[in-house]
Amino acid sequence: MAVREILESLDWGPAPESDKFAREWLDEHGPDFGMYIDGGWVTPESGENFETHNPATGELLGTISQAGPADVDAAVAAARAALPGWSSTEGHVRARYLYAIARQVQKHHRLLAVIETLDNGKPVRETRDADIPLVARHFYHHAGWAQLFDETFPGYGPVGVCGQVIPWNFPLLMLAWKIAPALAAGNTVVLKPAEFTSISALAFAAICDSIGLPPGVVNIVTGDGRTGALITEHDDIDKVAFTGSTEVGRIIRKATAGSGKALTLELGGKSPFIVFEDADIDSAIEGLVNAIWFNQGQVCCAGSRLLVQESIAEKFHEKLRSRMAKLRVGDPMDKAIDMGAIVDESQLNTIKKLCQLGCDEGGVMWQPPTELPEQGCFFPPTLFTNVTPSSTIVQEEVFGPVLVALTFRTHKEAIALANNTRYGLAGSVWSQDIDTALEVARSIRAGAIWVNCTNQFDANAGFGGYRESGFGREGGREGMYAYMRPKDASAANDETGSESTQSPTAPSQDAGEFLDRTAKMYIGGKQKRPDGGYSLDVAGPAGTVGQVGRGNRKDVRDAVEAACAATTWANVNAHSRSQILYYIAENLEQRSSEFAARLSSMTGASPSDAAAEVADSVAEWFRWAAWSDKYDGAVHETTMHGLVLAVHEPMGVVGVTCPDALPLHGFTRLVAPLLAMGNSVIAVPSEKHPLAATDLYQVLETSDLPSGVLNIVTGIHSEFVPNLSEHDGVDSMWVGTGDVAEVEIASVSNMKRVWKADLSASDDEVLRQATHVKNIWLPHGL
Ligand code: NDP
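First things first, this report covers the structure right here in the doc. (Residues numbered from 1 in each chain as written. Predicted model: local features only at pLDDT ≥ 70, side-chain atom pairs only at ≥ 80, totals over all residues. Heavy atoms only, no water.)

**Some words on the overall build of the chain**
Move 1: In terms of helices and strands, the chain carries 28 helices and 33 strands.
Move 2: A compact globule built from 782 residues should have a C-alpha radius of gyration of about 28 Å, and the chain, at 28 Å, falls within 12% of that.
Move 3: Each principal axis of the C-alpha distribution contributes one length, and for the chain these read about 105 × 65 × 45 Å.
Move 4: Burial statistics for the chain: of 782 residues in total, 60% are counted as buried.
Move 5: Within the chain, contacts between residues separated by at least 24 positions form 77% of all contacts whose residues are at least 6 apart in sequence.
Move 6: As displayed, the chain has an accessible area near 29,200 Å², and 51% of this comes from carbon and sulfur atoms. (Helix = DSSP H or I, 4+ residues; strand = E, 2+ residues; numbered from the N terminus. Rg over C-alpha atoms; globule rule 2.2 N^0.38 Å. Buried < 20%, exposed > 50% of the residue type's maximum accessible area, 1.4 Å probe, protein only. Contact = heavy atoms within 4.5 Å. Areas by Shrake-Rupley, 256 points an atom, 1.4 Å probe, with all protein chains shown as cover.)

**Regarding the pattern of salt bridges**
Move 1: By the definition in use, this model includes 33 salt bridges.
Move 2: Each of Arg250, Glu396, Arg422 and Glu468 takes part in a single network of salt bridges with overlapping partners. (Salt bridge = Lys/Arg side-chain N within 4 Å of Asp/Glu carboxyl O.)

**Remarks on the packing of helix H5 (residues 109–120) against helix H6 (residues 124–152)**
Move 1: Where H5 meets H6, the axes come as close as 9 Å, and the angle between the chain directions of the two elements is 120°. When the axis of H5 is compared with that of H6, the two are oblique. Considering how the two elements wind past one another, H5 and H6 form a crossing that is right-handed. Residues His109, Arg110, Leu112, Ala113, Val114, Glu116 and Thr117 of H5 pack against Val124, Thr127, Arg128, Ile132 and Pro133 of H6.
Move 2: The residue inventory of the contact of H5 with H6, partitioned by class, reads 6 nonpolar, 3 polar and 3 charged. (Axes fitted to C-alpha atoms, helices over the stretch in contact; angles between N-to-C directions. Parallel < 35°, antiparallel > 145°, perpendicular 65-115°, else oblique. Left-handed = near helix turned anticlockwise from the far one by under 90°. Nonpolar A, V, L, I, M, F, W, Y, C, P; charged D, E, K, R; others polar.)

**Describing the site of the ligand**
Move 1: Taken together, the neighbourhood of the ligand is formed by 27 residues, with Trp168, Lys192, Glu195, Ser245 and Leu267 sitting nearest.
Move 2: Here an oxygen atom of the ligand and a side-chain polar atom of Trp168 are 2.5 Å apart.
Move 3: Surface burial for the ligand is 85%, taken as the share of its 840 Å² of free accessible area covered by protein chains.
Move 4: Residue assignment for the shell around the ligand shows that the elements contributing at least two residues are helix H9 (225–232), strand E10 (239–243) and helix H10 (246–256).
Move 5: At 4 residues, the largest contribution of residues to the shell around the ligand is made by H9.
Move 6: Residue composition of the shell around the ligand, by class: 13 nonpolar, 10 polar and 4 charged. (Near = heavy atom within 4 Å. Polar contact = N/O pair within 3.5 Å; in protein donor to acceptor, adjacent residues only side chain to side chain.)

**Overview of helix H13 (residues 345–360)**
Move 1: Across its 16 residues, H13 extends 22 Å between first and last C-alpha, which sits within 8% of the 22 Å expected from 1.5 Å per residue.
Move 2: Every buried residue of H13 is listed here: Gln347, Leu348, Ile351, Leu354, Cys355 and Gly358. End-on view of H13: buried residues confined to an arc of 130°, all on one side of the axis. H13 presents Glu345, Lys353 and Asp360 as exposed residues on the side facing more than 90 degrees away from its buried surface. (Expected span 1.5 Å × (residues − 1). Arc of directions from axis to C-beta.)

**Some words on the side chain of His234**
Move 1: For His234, the position within the fold is in the loop between H9 and E10.
Move 2: Given the relative accessible area of 15%, His234 is considered buried.
Move 3: Setting aside residues up to four positions removed in sequence, His234 forms contacts with Val72, Asp73, Val76 and Lys261.

**Considerations on the nonpolar core**
Side chains of a nonpolar character, in soluble globular proteins, are inclined to be buried together.
Move 1: Of all hydrophobic cores here, the largest spans 118 residues; its most connected members are Phe139, Ile179, Val218, Ile220, Val275 and Leu306.
Move 2: The leading source of residues in this core is helix H7 (residues 171–184), at 11 residues.
Move 3: Those residues in contact with Phe139, other than ones at most four positions away along the chain, are Leu98, Ile101, Ala102, Ala176, Ile179, Ala180 and Phe204. (Core = buried A, V, L, I, M, F, W, Y, C linked by side-chain atoms within 4.5 Å.)

**Overview of the sheet that holds strand E13 (residues 305–309)**
Move 1: Reading across the sheet, the 10 strands line up as E14-E15-E16-E13-E12-E17-E18-E33-E27-E26 and stay open at both edges, with mixed pairing between neighbours. The sheet terminates laterally at strand E14 (364–366) and strand E26 (634–636), the two strands that pair on one side only. Between one strand and the next, the sheet's axes are offset by a mean angle of 25°, whatever the strand orientation.
Move 2: Bridge count between strand E15 (residues 382–385) and strand E16 (residues 402–408): 3 bridges; the pairing is parallel. (Pairing = 2+ DSSP bridges.)

**A word on the side chain of Gln347**
Move 1: With respect to the element layout, Gln347 can be found in helix H13.
Move 2: With sequence-adjacent residues up to four places away left out, Gln347 is seen in contact with Trp168, Gln298, Ile342, Val398 and Phe399.

**Comments concerning a negative patch on the surface**
Move 1: Where like charges cluster on the molecular surface, the negative patch consists of Glu277, Asp278, Asp433, Asp435 and Glu439.
Move 2: Among the secondary structure elements, Glu277 is positioned in the loop between strand E12 (272–275) and helix H11 (281–293). (Patch = residues over 30% accessible without salt bridge, like charges linked within 9 Å, V, L, I, M, F, W, Y side chains within 5 Å. Lys, Arg positive; Asp, Glu negative; His and termini not counted. Charge placed at Lys NZ, Arg CZ, Asp CG, Glu CD.)

**Describing the pairing of E12**
Move 1: Burial of the side chains of E12 extends over both faces: Pro272 and Ile274 are buried on one face and Phe273 and Val275 on the other.
Move 2: Across 4 bridges, E12 lies against E13 in parallel orientation. Among the inter-strand pairings, Pro272 is bridged to a residue of E13, identified as Arg305.
Move 3: At this point the chain moves from E12, through H11, to the parallel E13, and the crossover so formed is right-handed. (Right-handed = clockwise from strand over helix to strand, strands pointing away.)

**Considering the packing of helix H19 (residues 553–565) against helix H26 (residues 717–726)**
Helix-helix packing is described using two parameters, namely the angle between the two axes and the distance between the axes.
Move 1: Relative to each other, H19 and H26 sit at 40°, their axes nearing to 8 Å. Taken together, the axis directions place H19 and H26 in an arrangement best described as oblique. The two elements H19 and H26 meet at a crossing, and its hand is right-handed. Contact residues: Arg553, Val556 and Val560 in H19; Phe720, Asn723 and Leu724 in H26.
Move 2: Residues of the contact of H19 with H26, tallied by class, amount to 4 nonpolar, 1 polar and 1 charged.

**What to know about the environment of Trp168**
Move 1: For Trp168, the position within the fold is in the loop between strand E7 (161–165) and H7.
Move 2: Take Trp168: its relative accessible area is 13%, and that puts it in the buried class.
Move 3: Note: C-alpha distance between Trp168 and Asn290 (122 residues apart in sequence) is 19 Å.
Move 4: Excluding residues within four positions of it along the chain, Trp168 makes contact with Asn120, Ala194, Phe196, Thr197, Gln298, Val343, Gln347 and Phe399.

**Things to note about the packing of aromatic side chains**
Move 1: By the definition in use, this model includes 20 aromatic pairs.
Move 2: Residues Phe170 and Phe294 carry aromatic rings whose centres are separated by 5.9 Å and whose planes lie at 35° to one another, so their mutual orientation is tilted. Remark: Phe294 occurs in the loop between H11 and E13 and Phe170 occurs in the loop between E7 and H7; sequence separation between them is 124 residues.
Move 3: Measuring from centroid to centroid gives 4.7 Å for Tyr522 and Tyr697, while their planes differ by 15°, and the two rings are stacked. Taken as a pair, Tyr522 in strand E22 (residues 521–523) and Tyr697 in helix H25 (residues 696–701) lie far apart in primary sequence, 175 residues in all.
Move 4: Residue Tyr697 is classed as buried on the basis of its relative accessible area of 2%. (Phe/Tyr/Trp six-rings, centres within 6.5 Å; stacked < 30°, edge-to-face > 60°.)

**So, the pairing of strand E11 (residues 262–266)**
Move 1: Burial of E11 is extensive: 4 of the 5 residues sit out of reach of the surface.
Move 2: Strand direction decides the pairing type here: E10 and E11, joined by 5 bridges, are parallel. Residue pairing for E11: Lys239 is matched across the bridge by Ala262.

**Observations concerning the sheet that holds strand E1 (residues 32–33)**
Move 1: Pairing is mixed across the open sheet formed by 3 strands, whose spatial order is E1-E5-E4. Whereas interior strands pair on both sides, the edge strands pair on one side only; in this sheet they are E1 and strand E4 (49–53).
Move 2: Two strands pair when backbone bridges link them, and E4 and strand E5 (residues 60–65) are joined in this way by 5 bridges, in the antiparallel orientation. Each bridged residue has a counterpart across the sheet, and for Asn49 the counterpart in E5 is Ser65.

Taken by themselves, the reported measurements are silent on function.
Rendered as structure tokens:
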């Protein structure tokens, strides 16, 4: 074609990236790929392996080892053996290793980008410009955390041996998100890449080998979901970090429940992309292309739900369609391509099935007349209109290049639609009005919000979800905590131990004054009789000291309903929240002797011990009142020009079971920080000594605490705590007493964050457990 003709047609010519070096690498290391265990290359004990293909062409790239139990055991044993050495290696030295990895990633940038594209099908433009630079950035950034570890996180150490299982959508990047913070904190790892995309993880192992990383610090085992399960269920793993589907996340939550393993889950999403009528429409259209067609939509935080204000919807959809028609789908090795291949035929079929279902349910599917390659796993950019908020295609994660479009009229409606999902990973807000942008950003229940931008990621900004999108953060200071634990994490919660501080002396003479009172429940700011109408005797050393209501699942239901209705507490400004907590402290103090007498009568504590417990409780209310307006977020330094605001947000509705030890102080230690951070609480006081908590009702009523913010349900824990743990309206459980395993298992349905509440945990730990971090990205420029 003549230059003149090219200029006239302005068509794109092919711009293929060379695969020469990648082919040489594959020839050198393949075609049968081993695994990297204890600093050496091994083949699986079973001899089993499977093929890996280029999804754009179907070409066989090699065979991958299927690790079985013996291989996983060997990898875990190697990581365990390497742990003492690595965790005691000076931060500066760990930093040097991470830095060396970062340099090697940069040095082999093109090779890694091409390998990733061949194995995954994503455009080389993306692997070259997004995935691999971010991988290097992660290792550089975390070299810094290793260097600063001891001074930045005093009192913390590594968790131990980490089992990490990652998906196929950003193979090397997900590996970096997992391995870099783990190594920085002094952990050792066993990582399994996804079966479709194992090769770049093996290339990474070769890098670790080349820089002389001590054997066993990083172990890469390959295989399918069976291998993943062997890792996550392994007895000698201390922490599991998983990214993938919510379905497998649930399985892992169940499998690890009660095992004492630390767990972080980065799961699916159905993120809203909200466009207000005052948005810069052309920027929003380009943002949308990035939000949903980047990586063929196989992005957990893809902006897959478009919400456009009705007044501009028609114009916006028209522009969107004409932009979609210009997207080029084809050979991912072509640098001028917008969309490459879907990772595998099975994923392609899932996308097709969900689209068919979308049509069957009345949705209107539109696809531009885009030319697709004849071979390989390709799917065109797709838009669904005429859908409703409850349509399957609007609720389910497609994990493909499929956008659903809804409209809204008011800001309130936009927020309600945005939050009408079981997920909470990310969201994008487009408006030129700063009030609209920030108010909506704060109102969306998700871990990352991008204002007038989308899909921004950086090593220094935590990423992770709310609700069924999982828990834990990856990146930045927030992400480091996922790989650390307090060095002195002890059995402070051990009730027997704590109880020994109370001397079993005779009850106070005042005890008798409580004898004839049956304490009710405290629900929605009112004292309520238990639904079942039964009460229980509360025994003290000298006999019965009172009665409490015997709670059941209906009381739990009512309490959760009241707590959900009171989540506006989160919007009460921190100063006002602290004032209310101060009032509680003051009012409790005024009644110190009454509470001390109650404690003595219930527990047999000596008058001085009981008085000390009340004083501790008063101090605790003061303490958390003080914290209310001081747990600041952060402004992260990222590679984006603009501000990234890390905001602490309450988790929502939290259920708390309180221990028998220190029935008043323990109750306060768990409930007060949650209230200080803006959560609504359903507290279950000590089963044995509940009256100190029920006596608090009057204190609460005279302290202006809004109704429903704190609800108290008494009774036999085993009769209703399971209902609380299962309840989808409860966002998190703090287990101060009882079997944490049972709570973890029961909370699988909505992926609650569960904390084995430790009365001796540091304030910092408690504050982190009481909040989520939301990162709000605000680019700016003239
Ligand atoms: P999975 O959740 O199945 O896989 C993620 C990783 O977990 C893979 O390494 C997988 O192994 C492994 N795995 C599978 N089963 C188990 C198990 N029982 N125990 C431990 N590990 C296991 O996601 P898929 O890759 O199959 O994708 C399915 C759907 O998940 C997608 O359509 C998408 O909706 C969602 N997804 C979400 C992602 C996110 O980032 N939120 C990322 C990827 C997928 P292997 O794949 O090797 O069999």
